[in-house]
Amino acid sequence: MTAPCSIGEYLQIYGSVLGERVLAQFPALHKPADPVWPELQRLKRHPFPAQTLAIMAIAKHWQNSRCAAAVAECGTGKTLISLGSVFTHSRGRPFTCLAMVPPQLVEKWARECFLTLPGVRVFVIDGIRNGVGSNGYSGVNEVRFRSGRVVREGFRSTLSELRLAKGHRSARLRWQAQVSAPAIFVVSRERAKLGYFWRHAYQVARSGPFLGNVVNADTGRPVIAGEDQLRRADFKKTKRAETVAPESGDSRRAFFSPLWQADRENIPRMAPIEFIGRYLDGFFDYGIADEVHELKGETAQGNALGTMASVCDRTVILTGTLLGGYADELFNILYRLDARMMREEGFDHGESGVRQFAEAYGVLEKVTTIEPAENACSKAKVSTTVKRRPGASPLLFGKYLMNLAAFVSLEDISDALPSYREEVLAVEMDPALQKAYSDLEDSITDALKEHPRNPSVISTAMNALLLYPDRPYGLGTLYGFDRNEETGQRERFVIAEPADLDPGFQYAKERRLLEEIRSELAQGRKVQVFAVYTQKRDVTHRLRDILSKEGIRAEVLSADVPPEQREAWYERRLKSGMQVCICHPKLVQTGLDLLEFPTILFYETGYSTYVLRQASRRSWRIGQKQPVRIGFLTYSKTAQERCLRLMGKKLLVSLALEGKLQGDGLPSMDDDDDLLTAMARELVTRQGVGELAAEVWKNLQAQRGDASEQSGVTLFPPEQRPDRDPEPDVAWSRTETPAVQLSLF
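Here is what the cut-offs are and how they apply
Residues numbered from 1 in each chain as written. Predicted model: local features only at pLDDT ≥ 70, side-chain atom pairs only at ≥ 80, totals over all residues. Heavy atoms only, no water. Core = buried A, V, L, I, M, F, W, Y, C linked by side-chain atoms within 4.5 Å. Buried < 20%, exposed > 50% of the residue type's maximum accessible area, 1.4 Å probe, protein only. Helix = DSSP H or I, 4+ residues; strand = E, 2+ residues; numbered from the N terminus. Contact = heavy atoms within 4.5 Å. Axes fitted to C-alpha atoms, helices over the stretch in contact; angles between N-to-C directions. Parallel < 35°, antiparallel > 145°, perpendicular 65-115°, else oblique. Left-handed = near helix turned anticlockwise from the far one by under 90°. Pairing = 2+ DSSP bridges. Salt bridge = Lys/Arg side-chain N within 4 Å of Asp/Glu carboxyl O. Phe/Tyr/Trp six-rings, centres within 6.5 Å; stacked < 30°, edge-to-face > 60°. Lys NZ or Arg CZ within 6 Å of the ring centre and 35° of its normal.

(A) Spatial organisation of the nonpolar core. Trp109, Ile184, Ile288, Ile444, Leu557, Tyr570 and Val588 are the most contacted members of the largest nonpolar core, which totals 102 residues. Ranked by residues supplied to this core, first place goes to helix α15 (residues 455–467) with eight residues. Look past the residues within four positions of isoleucine 184 in its chain and what remains in contact with it is Leu83, Phe95, Cys97, Cys113, Leu117, Val120, Arg121, Val122 and Phe123. Counting residues in each nonpolar core, the second largest holds 53 residues, with Ile276, Leu280, Cys312 and Ala405 among its members.

(B) Structural context of the packing of helix α16 (residues 508–522) against helix α17 (residues 540–549). Axis separation between α16 and α17 bottoms out at 11 Å; the angle between their running directions is 55°. With respect to α17, the axis of α16 lies oblique. Crossing geometry of α16 relative to α17 is assigned as right-handed. When α16 is examined against α17, the residues Glu510, Leu513, Leu514 and Ile517 are found in contact with a partner set consisting of Arg542, Leu543, Ile546 and Leu547.

(C) Looking closely at the sheet that holds strand β6 (residues 183–188). Ordered in space as β5-β4-β3-β6-β2-β15-β16-β1-β19, the nine strands form an open sheet in which the pairing is mixed. Edge positions in the sheet fall to β5 (149–157) and β19 (405–408), since each of these pairs with one other strand and no more. When the angles between neighbouring strand axes are averaged without regard to direction, this sheet yields 25°. Where strand β1 (residues 67–72) lies against β19, four bridges are found, and the strand directions are parallel. Bridged to alanine 72 within β19 is valine 408.

(D) Looking closely at the sheet that holds strand β25 (residues 580–583). Taken in spatial order, the six strands make up an open sheet running β20-β27-β26-β23-β25-β24, and their pairing is parallel. Each end of this open sheet is capped by a strand with a single partner; those strands are β20 (420–427) and β24 (554–557). Here the strands of the sheet are splayed against their neighbours by 20° on average, with no regard to which way each runs. Pairing of β20 with strand β27 (residues 628–635) involves eight bridges; the strand directions are parallel. Bridging across to β27, glutamate 422 finds its partner in isoleucine 630. With respect to the sheet, helix α18 (residues 566–575) is in contact with β23 (527–530), β24 and β25, its orientation differing from that of β24 by roughly 170°.

(E) Representation of the pattern of salt bridges within the structure. Tallying each qualifying case throughout the model produces 31 salt bridges. A salt bridge links arginine 144 to glutamate 142; the nearest nitrogen and oxygen atoms lie 3.9 Å apart. Here arginine 553 and glutamate 555 are joined by a salt bridge, their closest N and O atoms 3.1 Å apart. Residue class for arginine 553 comes out partly exposed when judged on its relative accessible area of 35%. Relative accessible area serves as the criterion here: at 17%, glutamate 555 is assigned to the buried category. Bridged by salt links that share partners, the residues Arg421, Glu423, Arg512, Glu516, Glu520, Arg525 and Arg629 form one connected network.

(F) Layout of the packing of aromatic side chains. This structure, assessed with the given rule, holds 27 aromatic pairs. When the ring of tryptophan 175 is compared with that of phenylalanine 283, the centres are 6.0 Å apart and the planes differ by 65°; the resulting orientation is edge-to-face. Linking tryptophan 175 in helix α6 (residues 171–178) with phenylalanine 283 in the loop between α8 (272–279) and β15 (286–289), this pair joins segments that are 108 residues apart in sequence. Accessibility assignment for this pair places tryptophan 175 and phenylalanine 283 in one class, buried. Judged by centre distance (5.4 Å) and plane angle (85°), the ring pair of phenylalanine 185 and phenylalanine 284 falls under edge-to-face. Of this pair, phenylalanine 185 sits in strand β6 while phenylalanine 284 sits in the loop between α8 and β15, placing them 99 residues apart in sequence. On the accessibility criterion, phenylalanine 185 (0% relative accessible area) is buried. Every member of this aromatic cluster is reached through a ring pair, and the members are Phe123, Phe155, Trp175, Phe185, Phe283 and Phe284. When the ring centre of tyrosine 603 is taken as origin, the NZ or CZ atom of lysine 509, which lies over that ring, is 4.5 Å away.

This is the structure we're talking about:
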């Protein structure tokens, strides 16, 4: 009898056989040996082999379907893939394409269009027709490429003007008579969803039994929310509404009653994407939605994706991080791309459909809690909760993603990239900080035991443990909230009182950061530093002051800089001599190319896998010539190290869900779905997963290294520094064949 083996061992033994079986049953729509269409050769930039495979796969997929996806890692050229797919599928005919992109990427997308497509004309949608936007423009404005910069000049119009036929059979034919070249319309998704201004529409009763109460204008009755009725303070900036139920079975049916309406006293306007959906159906041949993973929620921007997919003949969505670890994150995206297919599968739109989708393709955990209680018929109180877990059924990929997405990874184009290295830089705390942190940790541990699974305790305490080592002063008393079982009132209690240490002292992690930056600058390498605490408990300006005192030119990028101006902000600061940039990773996580910063140091990481994956690849992308180094600074034996270790395991799961099955990632699906909850449990029970953060990240890098070794990229182990240590003993060899990408169509 043979001993059982793990999933990783099973894949190592039978992986090649399984791969051959999959290719035999599901042949790729476009194989590496297949001829490419001639239009692909006309692009101004010649795609890499992996990009060519993805472009041809999407173009062929569009022959039988309306929607496709390019799931490509950050830096693999998603813009080139999408534009190349549109140009190739058009077969040289003039076309119209609507690209909905993040606000900071509008000018970059326009520039990429000029550098990629021959004879293209690019237009930016700044609004419909009325009012001047925050950028000083309105309507539809043509842009041109002058001396490396995008300037607004040429054709000008409005969306309301474009919808008019004016003697032609349709608005589209009128457009073709005016512009006979391929046309790309770029719109910021922030501007695309901007609709009319609104105000609250509740009333205050002046007489009757509800005198002085907030009432619904449709019913004249107070608005009940839960067990209480709404007051003026409850409205704030949130749109409120209620469903009015019939008073009896013979009366009218239930109806939706909004408590808000359009504000006639403000500027009247309409969301551009809504206008396009109503009046320009059939005008656009293609639609492109960039960074679509940010549109997975029930938001106005997410709904704009559905509108765009419905009005464009062909649509392609782009993302570098398809999933954050949960299957139901794909539900809204799939529904917006093909609502009919989702309904035929039996999924309703809304929360009920999300639950159905999670039950079918996700991982759910049912927790039953039995508590003693003094009841007449029972001595126990039973409560059941259902929690979602990281993971996805293979059926999700076979049923939806395999026929939708072309996957491209950096390893597929690694022949064009320099070496890449990730490492954890663990630092021991100073004695005074160690004692203060230990006291804070003990107080929080007691609070967690006394108030188990209290959300306010978990959130406040865990964020304090992550922040305190980096800012051990000015936190003040930490409070939690709990409901008194006797009175039912929400009461405040003290979690901990952190000690205030000397703010003028330079602590160990700050000294290590300074040491690393000095070393990198000595080699002529600029450094990007990421920190997540930038508001009330700001650490970015403290880091800038520390670096400035040492003669290092450091700048802080804040959220006050509008997204569309951040690329220009980097250019200005670099020209003025900036050596180190400090900012929150969310500010640059999508679209910006930080090629001038080959070294990226995470002073703090946060706990979002989306943000970390996106921000860590800002430098390792096409065009980078220097070796890239990513460092994660953390204090040893603290919540920071536990958070980073859990983040590493979440990333292993995320890679597995994108087709990169890792043996070490699959077991981590048993971890808590919430990183804060997981750290709290580990803190109370001291039941760690048995690995240091450095070991997890080293393992994650090793998984990448196995693939990159075959495609030619060198990933140095964390303990080896190219600038300090000799070449490793292992001889990294390049393969004779070019890197290719297997398109899963």
